[in-house]
There are 2 protein chains.
Amino acid sequence: MIPESIKKTIEEFSKLPGIGTKSAERLTFYLLRKKEEDVERFGATVYALKKNIRYCEKCAHLTTDPLCDICSKPDRNSELICVVEDPLDLIAIEKTNEYKGLYHVLHGVISPIEGVGPDDLKIAELVERLNKNSIKEIILALNPSMEGEATAAHLMRFIKPLSIRVTRIARGIPVGGDLEYADSQTLKRALEGRMEY
Amino acid sequence: MIPESIKKTIEEFSKLPGIGTKSAERLTFYLLRKKEEDVERFGATVYALKKNIRYCEKCAHLTTDPLCDICSKPDRNSELICVVEDPLDLIAIEKTNEYKGLYHVLHGVISPIEGVGPDDLKIAELVERLNKNSIKEIILALNPSMEGEATAAHLMRFIKPLSIRVTRIARGIPVGGDLEYADSQTLKRALEGRMEY
């Protein structure tokens, strides 16, 4: 009823998260209406996505060189480490132009439901880094989810004995957010974290 | 801040309809966590999507052979043509297992806003087909949108002089739908199209 290459493309698209069969069909037929060279460029780009991509030897961010762009910059404060779940969180923080320290990318959080344990994350690498280098502060920038909290608790077991200052990014009402619609947990944290006017 | 291949993949994904930068980032990082061979297979599949794909010489459905699967089947009723907007509509009708005639795929509808005129569609091919073959009935299975209606009206100009029976698929309350929530246009069409009990 339909050529094999179309069927296979629909199949591949529908494996992606948040894309069902209907969306996969729509995307495939969208591409079929595009110029062949555009479709080929998309395919070739995805094909080469992981080529030469490796973990930064220091912070485990994704890079093509032994050290990532951030770790290889001499002007970053190497006594400050911000721990994030994944590279997208790192990028979000970089976009603020506020943070001048280094990072450590865990590549996930501890989640027994999804079968992710501490050994699947870059935790051993973080502990080694803390032991080998002089670090003044660790900022835990994990998501305020149950998994994020569990991961933070797990990390604390290794960090506490090292007597390094540990901070967490503030929980509170987002800028532009509406107090009235905030959930009570967020509001509670916002009150706890209140600052001098 | 981020390797070029990742940036480019995010860019390509965000060109797809309904996928913004955030979703494109999520999809790209999802692929980065997959095995390299899986990512390469996805890329290679998309790369080859349009290779050897052509229009069926008879009905303009997508195929790899001169004639599509449906047109080359001897048991289909060649005196019956169902006109659809695109291959996905054809597939939807085929899934009912009800229709045994042939199709004609227009590959779009007339839409001045999107710059699609009659010459961009497979209308000339349909007219030629109607003139050359003995056709008993044409079923217009276009979407009940303004563009669908305009396209149907345009087609009628060519079909009317040929005195072929023309029908349209019924408009009405969908099976499982709720009469109370149907819009008045649908309800009006449902009343007009009422059938004997």
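Going along each chain's sequence as written, the residues are numbered from 1 onward. All chains are assigned letters beginning at A, and all ligands numbers beginning at 1, according to the order in which they are written. Totals for whole chains, interfaces and linings use every residue, but because this is a predicted model, local features are given only for residues with pLDDT of at least 70 and side-chain atom pairs only at 80 or more, for both listing and counting. As a rule here, side-chain values cover all heavy atoms of the structure and leave hydrogens and water aside.

A. Just the overall build of chain A, in detail. Each helix and strand in chain A was counted, giving seven helices and six strands. With the radius of gyration taken over C-alpha atoms, the globule rule is written as 2.2 Å times the number of residues to the power 0.38. In summary, chain A has a C-alpha radius of gyration of 21 Å against a globular reference of 16 Å for 197 residues, an excess of more than 25%. Considering only C-alpha atoms, chain A reaches an extent of 65 × 45 × 35 Å along its principal axes. The buried label goes to any residue with under 20% of its type's maximum accessible area, the exposed label to any with over 50%, and the partly exposed label to all in between, with areas taken from a 1.4 Å probe on protein chains only. Counting across all 197 residues of chain A, residues that qualify as buried make up 41%. Only the protein chains shown count as cover for residues, with accessible areas throughout obtained via the Shrake-Rupley method and a probe of 1.4 Å. Surface exposure of chain A reaches about 11600 Å², of which carbon and sulfur atoms provide 53%. Placing the 29 positive and 31 negative side-chain charges of chain A at their respective mean positions leaves the two points 1 Å apart. Only DSSP runs of H or I with at least four residues qualify as helices, and only runs of E with at least two residues qualify as strands; both kinds are numbered from the N terminus onward. Counting rule for charge: Lys and Arg are taken as positive, Asp and Glu as negative, and neither His nor the chain ends is counted. A charge is said to be at NZ when it belongs to Lys, at CZ for Arg, at CG for Asp and at CD for Glu.

B. Focus on the sheet that holds strand β3 (residues 77-84) of chain A. All names here are of chain A. Two strands qualify as a pair provided DSSP detects at least 2 bridges between them. Pairing in this open sheet of four strands is parallel, and the strands run β4-β3-β5-β6 from one edge to the other. For this open sheet the edge positions go to β4 (101-105) and β6 (165-168), each flanked by a neighbour on one side alone. Within this sheet the neighbouring strands show an average axis-to-axis angle of 25°, counted without direction. Direction of pairing for β3 relative to β4: parallel, over a ladder of five bridges. What sits directly across from Cys-82, in β4, is Tyr-103. Against the sheet, helix α4 (residues 87-95) engages β3 and β4, with an angle of about 160° to β4. Every axis corresponds to a line fitted to the C-alpha atoms, with the helix fit spanning only the stretch in contact, and the corresponding angles, defined between N-to-C directions, vary from 0 to 180 degrees. Every residue pair with non-hydrogen atoms within 4.5 Å of one another is taken to be in contact.

C. Spatial organisation of the interface of chain A and chain B. Facing 49 residues of chain A, the contacting portion of chain B comprises 48 residues. Carbon and sulfur atoms make up 72% of the surface buried where chain A meets chain B, a total of about 4900 Å² over both sides. Defined in terms of a 1.4 Å probe, buried area is the accessible area two parts forfeit on being brought together, summed over both. For chain A, the biggest contributors to the area lost against chain B are Met-1, Leu-49 and Lys-50 of chain A; these three give 16% of the whole. Salt bridge, as used here, is a side-chain nitrogen of Lys or Arg placed within 4 Å of a carboxyl oxygen of Asp or Glu. Our count for the contact surface shared by chain A and chain B stands at four salt bridges. Put simply, Glu-12 of chain A and Arg-41 of chain B hold a salt bridge, and the shortest N to O gap is 2.8 Å. Where the side of chain A that touches chain B is concerned, the elements lending two or more residues are α1 (4-14), α2 (21-33), α3 (36-47), β2 (62-63) and α4 of chain A. The biggest single contributor to the side of chain A that touches chain B is α3 of chain A, with ten residues. Under this grouping Gly is polar, as are all residues other than the nonpolar Ala, Val, Leu, Ile, Met, Phe, Trp, Tyr, Cys and Pro and the charged Asp, Glu, Lys and Arg. For the side of chain A that touches chain B, the class distribution of residues is 25 nonpolar, eight polar and 16 charged.

D. Structural context of the pattern of salt bridges. One pass over the structure, following the stated rule, counts 26 salt bridges over all chains. Notably, a salt bridge pairs Glu-137 of chain B with Arg-165 of chain B, separated by 3.3 Å at the nearest N-O pair. Placement of Glu-137 of chain B in strand β5 (residues 137-140) and of Arg-165 of chain B in strand β6 (residues 165-168) is noted, with a sequence separation of 28 residues between them. Several salt bridges share partner residues, and in doing so they unite Glu-12 and Lys-15 of chain A together with Asp-38 and Arg-41 of chain B into one network.

E. Summary view of the pairing of β6 of chain A. Residues and elements named next belong to chain A. Here strand β5 (residues 137-140) pairs with β6 via four bridges, running parallel. Bridge pairing links Ile-138 to Val-166 in β6. Following the backbone out of β5, through helix α6 (residues 146-159) and into the adjacent parallel β6, one traces a crossover that is right-handed. The handedness rule is simple: strands pointing away from the viewer, and a clockwise path from the first strand over the helix to the second, make the crossover right-handed.

F. Main features of the relation of the copies chain A and chain B. Superposing the copies works by least squares over the C-alpha atoms of residues that have pLDDT at least 70 in both of them. If you rotate chain A by 180° and push it 0.1 Å along the axis, it lands on chain B with an RMSD of 0.1 Å. Taken together, the turn and the small shift mark the pair as related by a two-fold rotation axis. Minimal C-alpha distance to the rotation axis in chain A is attained by Gly-43 of chain A, lying at 2.1 Å. Interface overlap between copies: 98% of the residues of chain A at the interface are likewise at the interface in chain B, consistent with a symmetric, same-surface contact.

G. Layout of the sheet that holds β6 of chain B. Residues and elements named next belong to chain B. Spatially, four strands are ordered β4-β3-β5-β6 in an open sheet, and the strand pairing comes out parallel. Among the strands making up the open sheet, the edge pair consists of β4 (101-105) and β6. Each neighbouring strand pair of the sheet contributes to a mean axis angle of 25°, computed without reference to strand direction. In the packing of helix α4 (residues 87-95) onto the sheet, contacts are made with β3 (77-84) and β4, and the angle to β4 comes to roughly 160°. Sheet strands touched by helix α5 (residues 123-132): β3, β4 and β5. Its angle to β4, the strand with the most contacts, is close to 150°.

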